[in-house]
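# Understanding the architecture of this molecule
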Amino acid sequence: MKPITESALRIELRNSQPEVYYIPEGCVLTPAAREYLQQRKIKFAKAGTQPAAESPRIVATEVPPMPQVVIQETQPKPKFVDYETGAYYMTKPEHMTHLFGNTLVPKNHPRILFRGKLDSLQALVVLDQVLIGENGNEKLVADLDDILGILREIMRCDVLDEELVNESVIGLSHAELRERSHNPMKFFNIKQMVLPDRTMGKDYALLNQLRAAIRETEVAAAEAFRNGNQYTRGDIIEALNRLSSAVHIMMCMYLAGMYK
């Protein structure tokens, strides 16, 4: 049986509030998914069946005798749940880490590998800012700060399962980014796809390294959010694509002398 997880339900029901959620044939809800539906007051049933009706309330007509009190030992409540299998854990296994809340995945899960790439990418931007700042190029450092802020927002939206909203990068709209990235000769008098070499300087080399790292992170995002032939976080994948275009534009601006 294929498990339907809480995370999958959050994505599927992000913009809807059905009265009944019908579980597809061959699938089963994980405990966390059941709890999520109950919290949202959504009934659930197997596809082709009806949800169980609520039991009618019984009103006692006479006072029953006092029952004998039986003290039972309660089992401690599990603290963690497995994202893939729905299994419970009392303690977090060393090979697992948090995906969100108390939900765990293996540390080599594609979502965690993507977050690792994203973390390394932010560290690279900060290092580039330090090295470029030593040359006093504050305008270039400021544009890198904008790149860093968007990367941090991507991380936040992934962890909290929130939609990423971004209207511009380095002061350019998405349409302007695309236009300049595809036609650098028109805007910067720079040929398309200039191959970097050491004569272009350290700052240019650092920007090119950053552009390549963003591309690697975009590939990791595509793998992390792939579900068969579908992709659940197109907003994040698209944002990373725009960031790589933005850094390409910054490289063209650098060669055009616009950061002097």
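So, a few notes on the structure that sits alongside this text. Since the model is a prediction, treat every value here as computed from it, not as a measurement. (Residues numbered from 1 in each chain as written. Predicted model: local features only at pLDDT ≥ 70, side-chain atom pairs only at ≥ 80, totals over all residues. Heavy atoms only, no water.)

On to the overall build of the protein. Of the regular secondary structure elements, the protein holds eight helices and twelve strands. When the 260 residues of the protein are sorted by exposure, 38% land in the buried category. For the protein, the exposed area adds up to about 16200 Å²; of that, 53% sits on carbon and sulfur atoms. (Helix = DSSP H or I, 4+ residues; strand = E, 2+ residues; numbered from the N terminus. Buried < 20%, exposed > 50% of the residue type's maximum accessible area, 1.4 Å probe, protein only. Areas by Shrake-Rupley, 256 points an atom, 1.4 Å probe, with all protein chains shown as cover.)

Before going further, it helps to examine the pattern of salt bridges. Applying the stated criterion to the full structure yields eleven salt bridges. One salt bridge in this structure joins Arg215 and Glu218, with 3.1 Å as the shortest N-O distance. On the criterion of helical spacing, the pair formed by Arg215 and Glu218 is a turn pair, its members being three residues apart in helix H7 (residues 202-224). Taking the relative accessible area as the measure of exposure, Arg215 reaches 39% and is therefore partly exposed. Here Arg242 and Glu238 are joined by a salt bridge, their closest N and O atoms 2.6 Å apart. A residue pair is termed a helical-turn pair when its members lie 3 or 4 positions apart in one helix, as Arg242 and Glu238 do in helix H8 (residues 234-255) at four residues. Given a relative accessible area of 39%, Glu238 falls into the partly exposed group. Beyond isolated ion pairs, a larger network of salt bridges with shared partners links Arg111, Arg115 and Asp158. (Salt bridge = Lys/Arg side-chain N within 4 Å of Asp/Glu carboxyl O.)

Our next topic: helix H3 (residues 110-133). Over its 24 residues, H3 extends 34 Å from the first C-alpha to the last, a length consistent with the 34 Å expected when each residue adds 1.5 Å. Along H3, the residues that are buried comprise Arg111, Ile112, Phe114, Arg115, Leu118, Leu121, Gln122, Leu124, Val125, Asp128, Gln129 and Ile132. At its buried positions, H3 is contacted by helix H1 (6-12), strand E7 (96-100), strand E8 (103-106), helix H4 (138-160), H7 and H8. (Expected span 1.5 Å × (residues − 1). Contact = heavy atoms within 4.5 Å.)

Once that is clear, we can look at the pairing of E8. As paired strands, strand E5 (residues 80-82) and E8 are joined by two bridges and run parallel to one another. Bridge pairing links Val81 to Thr103 in E8. Alignment of E7 against E8, held across four bridges, turns out to be antiparallel. Across the sheet, the residue bridging to Phe100 is Thr103, located in E8. Hairpin connection of E7 to E8: two residues between the antiparallel strands, including Gly101 at a positive phi of 55°. (Pairing = 2+ DSSP bridges.)

Before going further, it helps to examine the sheet that holds E5. Reading across the sheet, the four strands line up as E6-E5-E8-E7 and stay open at both edges, with mixed pairing between neighbours. Of all strands in the sheet, those bounded by a partner on one side alone are strand E6 (88-89) and E7.

Here Thr103 is to be found in strand E8. C-alpha of Thr103 to C-alpha of Val81: the two residues are 22 residues apart in sequence and 5.0 Å apart in space. Those residues in contact with Thr103 that lie beyond four places of it in its chain are Glu6, Val81, Tyr83, Thr97 and His98.

Right, let's talk about H4 for a bit. Its 23 residues give H4 an end-to-end C-alpha distance of 33 Å, which sits within 8% of 33 Å, the value for a rise of 1.5 Å per residue. Burial in H4 covers these residues: Leu140, Val141, Asp143, Leu144, Ile147, Leu148, Ile150, Leu151, Ile154, Met155, Cys157 and Asp158. If you follow the buried residues of H4, they end up packed against H3, strand E9 (168-169), H7 and H8. Residue Asp161 follows H4 closely and has a positive phi angle near 55°.

Soluble globular proteins tend to pack their nonpolar side chains together in the buried interior. Ranked by size, the top nonpolar core spans 47 residues in total, and within it Phe114, Ile147, Leu151, Ile154, Leu243 and Met250 carry the most contacts. Mapped by element, the contributors of at least two residues to this core are H3, H4, H7 and H8. Element by element, the count of residues in this core is highest for H8, at twelve residues. In this structure, Tyr21, Ala33, Tyr36 and Ile42 belong to the second largest nonpolar core, which totals eleven residues. (Core = buried A, V, L, I, M, F, W, Y, C linked by side-chain atoms within 4.5 Å.)

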